[in-house]
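Each chain is listed here by its residues.
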Amino acid sequence: MPTSNQLALCLRRREQGESDLIVTLLTREAGKLAAVARGVRKPKSRQAPVCQLFALSRVQLATRGDHGGLPVLAQAQLEETFYDLRADLDRSARAAYLVELADLAIPDHEPQPTLFDLLLASLAALTTALEPRVVMHSFELQLLAELGLEPVLDRCAHCALPLGDEAALFDAPAGGLIHARHGGSAQATSVSPEAVRAMRRLLRPDAYELDLTTLRMPPMLARPVAAALRSAVRCFLDAEPRALAIIEQLADEPEP
Amino acid sequence: MASFPRPVARLIDQLERLPGVGPKSAQRLALWLLREPPERVLALSESLSDAVEQVHVCPRCGYFAEGEACALCDDTRRDESLVCVVADARDLLAIESTDGFGGRYHVLGGVISPADGVGPDDLNVASLLARVEAGDADEVILALNPTPEGDTTANYLARVLRQAAQRRGAAVRLTRPALGLPVGGDLNYADRTTIERAMEGRREI
């Protein structure tokens, strides 16, 4: 029974039978994969904490012929739970969104060490960030860039000329920002020059070095950025993450 | 190519909608039902109709009721001032099986799980807030699983319940069941978070 030992983040879990789970794990070395976790829904299971959403563990997977060829979670040591996310629904919902986005965007069995590190760093930043939405939008942009789907932000995606001082639209089907005079598709949303600057800042090559936990993004900027990135995710990844609806629902709630 | 007669195909289709039942299992169950004596299968069908027609959700607590309110809400011996919030009916029955709790319940109908698209508006939260605002509870026990979803739900409820109590102009005591090592568990194999919570919640002997 061949085994492998690696660091894995739990992205998703699904019940199977009386007490088993099928967990979707993102590993640094082997990419995204599903595994069977046997008996983990029993109260005394030692592996139960490893199979919770956001759990980062060192896992040993054993490859077997049954369970449709899925590897079996043989041993696991919990390393991090990002426990502080649970204190705040907004942070927790945004963390669930990042994990869902990674799950939707990363194909099975393709190692993506940069995205793995980006996801871990983003989850850690979400626990303490002054404004969790900054971490979320940074992750969206970095993920798209890493997958080669970076939106055009430095010129007009329609005519390739500089945007200058002209009014701009974010038009995901066109590839990014366009001059407003080109019209744009039904999905195009208007973005202010400040919102464009904010997105560029989060997409710069040195954005990894930004301290996302201290950056602020006022609601006036955040709304157009959120709308632009939502349409980019929908268009470039062909995805409608479920957690996004909850984040928007929470945003509509009055502040405590 | 031969296929199942239409009523059998419909039965398979209905069975496939059950949680954890795939196409193969649905076929196996349907064929097993067709081989059973008709009176046994009809008894199953009758019990399904009875459950659907005669049982509804208690408007007060969210548990199952046959009458206007459920048996637990109708039981006048229970402590009105103590409300235990659980995610679903199975958790309620687990607590009831201990015979150690004499208060009331409130069944949420799930937990907040953004990854599954479940938010606060999808749960039985409004009626819980109404109970607290009406002054029905002095203490609310948030008996939700210590998972990311359960903890997030408990923290969210704690915030909105405090606001509801403020609107009422009185304080409500919010508690959670103790966290720690399971009976018969092994300290050596417990994870760091469990040990931390167990040490925080230690009690004198």
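Every chain begins its residue count from 1, and numbering advances along the sequence as written. All chains are assigned letters beginning with A, and all ligands numbers beginning with 1, in the order in which they are written. This being a predicted model, a pLDDT of at least 70 is required before a residue's local features are given, and a value of 80 or more before pairs of side-chain atoms are given or counted; all residues contribute to the totals for chains, interfaces and linings. Excluding hydrogens and water, the side-chain figures rest on all heavy atoms present in the structure.

Moving on to the overall build of chain A. Here a helix means four or more residues in a row that DSSP labels H or I, a strand means two or more in a row labelled E, and each is numbered from the N terminus. On a plain count of helices and strands, chain A comes out with six helices and eight strands. When the elements of chain A are put in sequence order from the N terminus, they spell out β-β-β-β-β-α-α-α-β-β-β-α-α-α. Relative to the compact-globule value of 18 Å for 256 residues, chain A shows a C-alpha radius of gyration of 20 Å, a close match. Reported as C-alpha extents along the three principal axes, the dimensions of chain A are approximately 60 × 40 × 30 Å. Looking at chain A as a whole, 51% of its 256 residues qualify as buried. Residue contacts are defined here by distance: any two heavy atoms, one from each residue, within 4.5 Å place the two residues in contact. A sequence separation of at least 24 residues applies to 59% of the contacts in chain A between residues at least 6 apart. Summing over all exposed atoms, chain A offers an accessible surface of approximately 11,800 Å²; the carbon and sulfur share of this is 49%. Our radius of gyration is a C-alpha quantity, and the globule rule it is checked against amounts to 2.2 Å times the number of residues to the power 0.38. We call a residue buried when its accessible area falls under 20% of the maximum for its residue type, exposed when it is over 50%, and partly exposed in between, using a 1.4 Å probe and counting protein chains only. Per-residue and other accessible areas were derived by the Shrake-Rupley procedure at a 1.4 Å probe size, with only the shown protein chains allowed to occlude residues.

A few words on the sheet that holds strand 4 (residues 103-107) of chain B. All names here are of chain B. One bridge is not enough; two strands pair if DSSP finds at least two bridges between them. Within the open sheet, the four strands sit side by side as 4-3-5-6. Their pairing is parallel. Edge positions in the open sheet fall to strand 4 and strand 6 (173-175), since each of these has one partner strand only. The average undirected angle you get between the axes of adjacent strands in this sheet is 25 degrees. Pairing analysis gives five bridges linking strand 3 (residues 79-86) to strand 4, with the strands arranged parallel. In the strand pairing of strand 4, C84 is matched with Y105. Simply put, an axis is a line fit to the C-alpha atoms, just over the touching stretch for a helix, and the angle between two N-to-C directions goes from 0 to 180 degrees. This element, helix 5 (residues 89-96), spans strand 3 and strand 4 of the sheet and lies at about 160 degrees to strand 4. Relative to the sheet, helix 7 (residues 148-168) contacts strand 3, strand 5 (139-142) and strand 6, its axis offset from that of strand 5 by approximately 165 degrees.

Quick look at the domain arrangement of chain B now. When cut into domains, chain B gives domain 1 (6-52) and domain 2 (78-175). Domain boundaries shown here were taken from an automatic or database domain assignment. Between domain 1 of chain B and domain 2 of chain B, the C-alpha centre-to-centre distance is 36 Å.

Residue and element names in this part refer to chain A. A sheet is described by the order of its strands in space; here three strands give the open sequence 7-6-8, paired in antiparallel fashion. Sheet topology places strand 7 (176-179) and strand 8 (189-191) at the edges, where each strand pairs with a single neighbour. Within this sheet the neighbouring strands show an average axis-to-axis angle of 45 degrees, counted without direction. Against the sheet, helix 4 (residues 193-203) makes contact with strand 6 (168-171), strand 7 and strand 8, and its axis sits at roughly 85 degrees relative to strand 8, the strand it touches most.

Residues and elements named next belong to chain A. The assigned domain composition of chain A is domain 1 (3-81) and domain 2 (84-251). Here the C-alpha centre of domain 2 lies 29 Å away from the C-alpha centre of domain 1. Listed as interface residues are 19 residues of domain 1 and, on the opposing side, 20 residues of domain 2. By convention, the term buried area covers the 1.4 Å-probe accessible surface removed from two parts as they join, with the contributions of both added. Both sides together, the interface formed by domain 1 and domain 2 hides about 1,600 Å², and carbon and sulfur atoms give 65% of it. Per-residue buried area on domain 1 facing domain 2 is highest for R28, K32 and F54; these three make up 43% of the total on that side. Just to be clear on terms, a salt bridge is a Lys or Arg side-chain nitrogen sitting within 4 Å of an Asp or Glu carboxyl oxygen. The tally of links from domain 1 across to domain 2 stands at four salt bridges.

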